[in-house]
Structures are given as C-alpha cells and as structure tokens.
Amino acid sequence: MSFKFTPEELKSIEELRSKVDDDRALVMPVLWMVQRKQGFIGNDDVLYLQDTLGIRAIFFAGAIGYFAMFNEAKKGKYELKFCKTITCKLRGSDELIKFCENLLGIKMGETSSDGLFSLGESECLGYCEKAPCMLCGLEQHWELNEEALESLIQKIRQENASR
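Report on the accompanying structure. (Residues numbered from 1 in each chain as written. Predicted model: local features only at pLDDT ≥ 70, side-chain atom pairs only at ≥ 80, totals over all residues. Heavy atoms only, no water.)

Let us now look at a nonpolar patch on the surface. A cluster of nonpolar side chains, Tyr 66, Phe 67 and Met 69, forms an exposed patch at the surface whose accessible area comes to about 310 Å². Mapped onto the fold, Phe 67 is located in the loop between helix H4 (57-66) and strand S1 (78-83). Accessibility expressed as a relative area gives 31% for Phe 67, which makes it partly exposed. (Patch = residues over 30% accessible without salt bridge, like charges linked within 9 Å, V, L, I, M, F, W, Y side chains within 5 Å. Areas by Shrake-Rupley, 256 points an atom, 1.4 Å probe, with all protein chains shown as cover. Salt bridge = Lys/Arg side-chain N within 4 Å of Asp/Glu carboxyl O. Helix = DSSP H or I, 4+ residues; strand = E, 2+ residues; numbered from the N terminus. Buried < 20%, exposed > 50% of the residue type's maximum accessible area, 1.4 Å probe, protein only.)

What follows deals with the packing of helix H1 (residues 7-17) against helix H2 (residues 27-38). Relative to each other, H1 and H2 sit at 160°, their axes nearing to 11 Å. Overall, the two elements H1 and H2 adopt an arrangement that is roughly antiparallel. For the crossing formed where H1 meets H2, the hand is right-handed. Packed against H1, whose contacting residues are Glu 9, Ser 12, Ile 13 and Leu 16, the element H2 presents Pro 29, Val 30, Met 33 and Lys 37 at the interface. Within the contact of H1 with H2, the residues separate by chemical class into five nonpolar, one polar and two charged. (Axes fitted to C-alpha atoms, helices over the stretch in contact; angles between N-to-C directions. Parallel < 35°, antiparallel > 145°, perpendicular 65-115°, else oblique. Left-handed = near helix turned anticlockwise from the far one by under 90°. Contact = heavy atoms within 4.5 Å. Nonpolar A, V, L, I, M, F, W, Y, C, P; charged D, E, K, R; others polar.)

Printed below as a string of structure tokens:
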C-alpha cells in the first residue's frame with residue numbers, strides 16, 4: 001500500500017465529515033485527494049480508504065468504475081482520451097487513434113516509455129458538432145485532424161524536454 005493521508009489531510013476530511021449527514025458524501029472528495037496526490041487509485045488504496053474512514057470499499061470502487069475521470073492504474077503525465085461515440089467515429093476518430101498509436105509507439109490503454117503519454121477512450125465529451133474530439137488531461141480538443149494531434153504532441157514533448 002503506497003498511499004497514506006497526511007495528518008493535515010485527515011484533519012480536513014474530518015472537518016468535511018462534520019458537515020455532512022452521510023459519510024458516503026466523502027467518497028468523491030476523498031477519491032479526488034488520492035487521485036491528485038498519486039495520479040491513480042488502486043485496489044490497495046480503496047482498502048486503505050475503507051480501513052481509515054470506515055466507509056465500505058464498494059462505495060469507492062463503484063465511483064471509480066462509474067466515473068471516467070478516476071484512474072485505476074498509473075497513467076502518463078498526459079492522458080489522451082479519445083471520444084468513442086458514434087459521431088466521433090463517423091468523423092474519423094478511429095483513424096486518429098491509429099495515427100496517434102503510431103506516433104507514440106503505444107496502443108490504446110498503454111503508457112509511453114518516457115511516461116509522458118497514455119492513450120484512453122471516453123464516453124461522449126459533449127462536442128458532437130465539433131467531432132472528432134478528445135481530452136488531454138482536463139483540456140478539450142475538438143475538430144481534430146492528424147496535423148493538430150501531431151502539433152499537440154510535439155508541443156507537450158518540447159515543454160517537457162526543458163524540465
């Protein structure tokens with residue numbers, strides 16, 4: 001088990017707990033704390049949350065499984081999540097995914113060897129009129145084409161080369 005709350009984090013959780021009627025209201029904020037701290041929420045982390053907070057693991061696991069913004073495994077610094085709905089597919093998202101896989105040398109669900117990029121899919125991102133679209137972290141990109149995708153990846157690589 002790698003994740004543990006600091007005493008300050010536990011104090012803030014207890015402060016939040018004092019403001020809610022049902023401890024299950026803590027599930028989302030606590031999951032966000034773990035995700036922000038280590039980038040993913042593993043099975044051991046769920047058990048730690050259950051043991052530490054007294055909230056059954058099924059509530060944490062259910063939220064992680066339902067909400068696409070939670071990662072169950074370590075991802076790259078930049079996760080590229082392509083919309084997998086029919087509108088994006090009809091407008092070329094599958095071809096863009098193949099292009100991106102070739103450009104990064106990884107397949108969907110994998111992380112690049114430099115740890116910069118992961119590829120994933122997401123349900124509808126709400127930009128059907130601007131399909132195909134994807135998320136890079138929390139930033140939305142729409143009306144994608146090969147040039148725009150390659151430009152984004154080069155920009156990220158350049159920004160991270162100087163660090």
